[in-house]
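# Secondary and tertiary structure notes
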Amino acid sequence: ELLERLKSLVGTHARFETLHPRKDGTLINVEISTSGAEIDGEIYYFASSRNITERKKTERALRAREERYQTLFNRASEGISIVSLNGTLITVNESFAHMHGYTPDEMRNMRLKDIDPPGSFAKARERMQRILDGGALTFEVENFHKDGHIFPLEVSASLIEVEGQSLIQSFSKDITERKLAEESLRIWKRAIESSVNAIMITDATHVGNPITYVNPAFERITGYRSDEVIGANPSFLQGEDRDQPEIEAIRLAVKNSQHGHAVLRNYRKDGSLFW
């Protein structure tokens, strides 16, 4: 039976890795190459060994680094995607997939055109060219969610090289909440600027309580342009008439974070009195 097994090795070649003990008891990684041959009717079994301990250390270090990178990649709060130059998603992390309503496996090999709204091709091609020209690029874009709704993203993209292949790596943030806040601010700004009442905003955190904003009605009523009053203390509106008891009532209300109401004597830029 042994003879038959040895004969089966004739003309074959095998390679495997194992551990060998050294004289001092330490173990080393060894790569074994084996082959069998029949010479003058005798069957010989040949084996050569190579110490690959350093190579295995390097492989373990690379594997550990890859595992750390993969963990950071998947757990990053920002959406990360790697895309080929033809627009194919090579890989995405969990955050990127979640914000689009997919799993990472579902998004792998999808095309950017699958999540880009119609009509965005020209802009996408222009951005792609700017990235290929060597520049990192930050821009806002809209994408389709799996359920069909469109949401805004802020994307930072750059060109990377992986094993000689040019790819585009992007970091994405869902900016839906920011866009809603910006729209709300725009609505309030339009409301304030169209108000028939004079509105003045001051910075209570700075000494002198400087004016930071006045609306058009304030300019019309007082005769002062906004650039003339921004940064000034509002007391200039009382001129020399600053002993009004209502002023102290207003200051006290502000100090206590309460609403205040008073009728004050104010003076326009031309010196005329108004209440």
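Model, not experiment: these values are computed from the prediction. Within each chain, residues carry numbers counting from 1 in the order of the written sequence. With pLDDT at 70 or above as the cut-off, local features in this predicted model cover only qualifying residues; side-chain atom pairs require 80 or more to be listed or tallied, and sums for whole chains, interfaces and linings still use all residues. Water and hydrogen atoms were dropped before computing side-chain values, which therefore reflect all heavy atoms in the structure.

### Let's talk about the confidence of the model for the chain
To be explicit about the condition: Confidence per residue, as judged by the predictor, is encoded in pLDDT with a range of 0 to 100. Helix and strand labels come from DSSP, where a helix needs a run of H or I of at least four residues and a strand needs a run of E of at least two; each type is numbered from the N terminus.
In the predicted model, the chain carries a mean pLDDT of 88, and the fraction of residues at 70 or more is 96%. Helix H7 (residues 216-222) holds the highest mean pLDDT among the elements of the chain, 97, whereas helix H1 (residues 2-8) holds the lowest, 60.

### Examining the layout of surface pockets
Selection rule: Throughout, the protein atoms alone are placed on a 1 Å grid, and a set of points is a cavity if a 1.4 Å probe fits but cannot get out or a pocket if it is open with protein on both sides within 12 Å along at least five of seven lines; lining residues have an atom within 4 Å of a point. Grid points are joined across faces, edges and corners, and a volume is the space filled by probe spheres set on the points. Note that Gly is not counted as nonpolar here; it falls among the polar residues with everything else outside the nonpolar set of Ala, Val, Leu, Ile, Met, Phe, Trp, Tyr, Cys and Pro and the charged set of Asp, Glu, Lys and Arg.
Looking at the largest pocket, its volume works out to about 1100 Å³. Elements supplying a minimum of two residues to the lining of the largest pocket: strand E9 (200-202), H7 and helix H9 (245-255). A total of 5 residues in the lining of the largest pocket trace back to one element, the largest contributor, which is H9. Of the residues in the lining of the largest pocket, the class split is 18 nonpolar, 13 polar and 1 charged. Space inside the second largest pocket adds up to approximately 610 Å³. What lines the second largest pocket is a set of 30 residues, and nearest its centre among them are Gly 87, Leu 112, Asp 116, Ala 124 and Met 128. Elements with a minimum of two residues in the lining of the second largest pocket: strand E4 (79-84), helix H5 (121-132), strand E6 (137-144), strand E7 (150-162) and strand E8 (165-174). In terms of residue count, H5 provides more of the lining of the second largest pocket than any other element does, 6 residues in total. Taken together, the residues that form the lining of the second largest pocket break down as 17 nonpolar, 8 polar and 5 charged.

### As for the side chain of Ser 33
As a reminder of what qualifies: Note on exposure labels: buried denotes an accessible area under 20% of the residue type's maximum, exposed denotes more than 50%, and partly exposed covers the range between, all computed with a 1.4 Å probe on protein chains only. Any pair of N or O atoms that falls within 3.5 Å is considered a polar contact. Within protein, one atom must be able to donate a hydrogen and the other to accept it, and sequence-neighbouring residues count only if both atoms are side-chain atoms. Every residue pair with non-hydrogen atoms within 4.5 Å of one another is taken to be in contact.
Structurally, the position occupied by Ser 33 is in strand E2 (residues 27-39). Residue class for Ser 33 comes out buried when judged on its relative accessible area of 14%. In terms of polar contacts, Ser 33 uses its side chain to reach the side chain of Arg 15, at 3.4 Å. Contact partners of Ser 33, with chain neighbours within four places excluded, come to His 13, Ala 14, Arg 15, Phe 46, Ala 47 and Ser 48.

### Digging into the pattern of salt bridges
Put simply, the rule is: Just to be clear on terms, a salt bridge is a Lys or Arg side-chain nitrogen sitting within 4 Å of an Asp or Glu carboxyl oxygen.
Under the criterion given, the structure shown has 22 salt bridges. With its nearest N and O atoms 3.4 Å apart, the salt bridge here joins Lys 173 to Glu 154. Of this pair, Lys 173 sits in strand E8 while Glu 154 is found in strand E7, placing the two residues 19 residues apart along the sequence. The class for Lys 173 is partly exposed, based on a relative accessible area of 36%. Residue classification places Glu 154 among the buried positions, given a relative accessible area of 19%. Among the ionic pairs, Glu 183 bridges to Arg 186, the shortest N-O distance being 2.7 Å. Note that Glu 183 and Arg 186 are positioned in helix H6 (residues 176-194) at a spacing of 3 residues, about one turn of the helix. Among the residues examined, Glu 183 registers a relative accessible area of 32% and is labelled partly exposed. Counted as one network, the salt bridges with shared partners bring together Glu 17, Glu 31, Arg 50, Arg 55, Lys 56 and Glu 59.

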